[in-house]
Amino acid sequence: VYVSEGAATKPSAPTVFFFHGTNHTGELAFGTKNGMTTQQDSGWRAKADQEGLVAIFPTALNYCLQSNDGVQVAEKWTIAGIGAADGVPLCTEEQLKAQSPADQSKADHPLLSDINFVDAILDFVQSNYPIDTKRMYLSGFSNGHAFASKVTQERSKLFVEMLGSGSWFKEAATPSERPISATYVMGT
């Protein structure tokens, strides 16, 4: 959670959630790793400074996944198809055991709901930071964009708008509770 100086001086501030892409982290999207500037900087920290926002950079869990490229352990937001036999299935127990001990420890858990994670973040930030609950926004890149579209639909009453790039709209199983603006950017 990044509270800009401008947000810290307000009784409540607009808030942006940024969901990173596969194999990135919230720390990389924030723009630093171990104190060093990164190339994966999302730009939201600078925008928060400019506009007086609170910016939230969560990190997805790691999963051992089977894909067309083989088996990989990657940070991945849970969206439609992750863990499904007809989508991107999780590794078998044998495939997970064939990974390095570090990767095994990262991915040794069942598929978990990232929507529940977002709910927990919302509870935490609303209790601890100057959040304007009427001005909360979603953004994401690639897998994070697909996940932001899922959050847009499943928590439409909580967010005002969603902006994402590098993925497509992932339709939820049920319609959202209310209309919400969503912008998708594709290409260069």
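Structure report, in brief. Keep in mind the model is a prediction, meaning the values are calculated, not measured.

1. Overview of the sheet that holds strand 1 (residues 2-3)
Okay, so step 1: Pairing within the open sheet is mixed, and its 6 strands lie in the order 1-5-2-8-9-10. The sheet is open, and its two borders are formed by strand 1 and strand 10 (181-185), each paired with just one other strand.
Okay, so step 2: Summarising the sheet, strand 9 (residues 161-165) and strand 10 pair through 5 bridges and their orientation is parallel. Counted as the bridge partner of Ser 165 is Val 185 from strand 10.
Okay, so step 3: Packing against the sheet, helix 6 (residues 114-128) makes contact with strand 2 (13-19), strand 5 (54-56) and strand 8 (131-141), and its axis sits at approximately 140° to strand 8.
Okay, so step 4: Of the strands in this sheet, strand 2, strand 8, strand 9 and strand 10 are in contact with helix 7 (residues 143-154), which crosses strand 8 at around 140°.

2. Some words on the environment of Ser 67
Okay, so step 1: Looking at where Ser 67 falls in the secondary structure, it is placed in strand 6 (residues 62-67).
Okay, so step 2: Considering only alpha carbons, one finds Ser 67 and Thr 15, 52 residues apart in sequence, at a separation of 35 Å.

3. Re the nonpolar core
Okay, so step 1: In terms of nonpolar packing, the biggest core is built from 27 residues, with Phe 17, Phe 19, Val 118, Leu 138, Phe 147, Val 151 and Phe 159 touching the most fellow members.
Okay, so step 2: Contact partners of Phe 19, with chain neighbours within four places excluded, come to Pro 58, Trp 77, Val 118, Leu 138, Ser 139, Gly 140, Phe 141, Gly 144, His 145, Phe 147 and Ala 148.

4. A closer look at the layout of surface pockets
Okay, so step 1: Roughly 300 Å³ of volume is contained in the largest pocket.
Okay, so step 2: Forming the boundary of the largest pocket are 20 residues, of which Thr 22, Lys 76, Ile 82, Val 88 and Asn 143 lie nearest the centre.
Okay, so step 3: Contributions of two or more residues to the lining of the largest pocket are made by strand 6, strand 7 (70-75) and helix 7.
Okay, so step 4: Per-class residue counts for the lining of the largest pocket are 8 nonpolar, 9 polar and 3 charged.

5. Describing the state of the cysteines
Okay, so step 1: Scanning the entire structure with this criterion turns up 1 disulfide.
Okay, so step 2: Disulfide partner of Cys 64: Cys 91, at an S-S distance of 2.1 Å. On the sign convention where negative is left-handed, the bridge of Cys 64 and Cys 91, at about -75° about the S-S bond, is left-handed. Here the residue Cys 64 occupies a position in strand 6, and Cys 91 occupies one in the loop between strand 7 and helix 4 (93-97), the gap between them amounting to 27 residues. Here the two residues Cys 64 and Cys 91 agree in accessibility, since each one is buried.

6. Considering the packing of aromatic side chains
Okay, so step 1: Scanning the entire structure with this criterion turns up 9 aromatic pairs.
Okay, so step 2: A ring pair is formed by Phe 17 and Phe 159, whose centres lie 5.5 Å apart and whose planes are at 85°; its orientation type is edge-to-face. Of this pair, Phe 17 sits in strand 2 while Phe 159 sits in the loop between helix 7 and strand 9, and the two are 142 residues apart along the sequence.
Okay, so step 3: Residue class for Phe 17 comes out buried when judged on its relative accessible area of 0%.
Okay, so step 4: A cation sits over an aromatic face here: Arg 45 above Phe 30, 4.4 Å from the ring centre.

What counts, and where the lines are drawn
- Residues numbered from 1 in each chain as written.
- Predicted model: local features only at pLDDT ≥ 70, side-chain atom pairs only at ≥ 80, totals over all residues.
- Heavy atoms only, no water.
- Pairing = 2+ DSSP bridges.
- Helix = DSSP H or I, 4+ residues; strand = E, 2+ residues; numbered from the N terminus.
- Contact = heavy atoms within 4.5 Å.
- Axes fitted to C-alpha atoms, helices over the stretch in contact; angles between N-to-C directions.
- Core = buried A, V, L, I, M, F, W, Y, C linked by side-chain atoms within 4.5 Å.
- Buried < 20%, exposed > 50% of the residue type's maximum accessible area, 1.4 Å probe, protein only.
- 1 Å grid on protein atoms, 1.4 Å probe; cavity = no way out; pocket = protein on both sides within 12 Å on 5 of 7 lines; lining within 4 Å.
- Points joined across faces, edges and corners; volume = space filled by probe spheres on them.
- Nonpolar A, V, L, I, M, F, W, Y, C, P; charged D, E, K, R; others polar.
- Disulfide = S-S within 2.5 Å.
- Phe/Tyr/Trp six-rings, centres within 6.5 Å; stacked < 30°, edge-to-face > 60°.
- Lys NZ or Arg CZ within 6 Å of the ring centre and 35° of its normal.

So, to be careful, I would describe these as geometric facts and stop short of saying anything about function.
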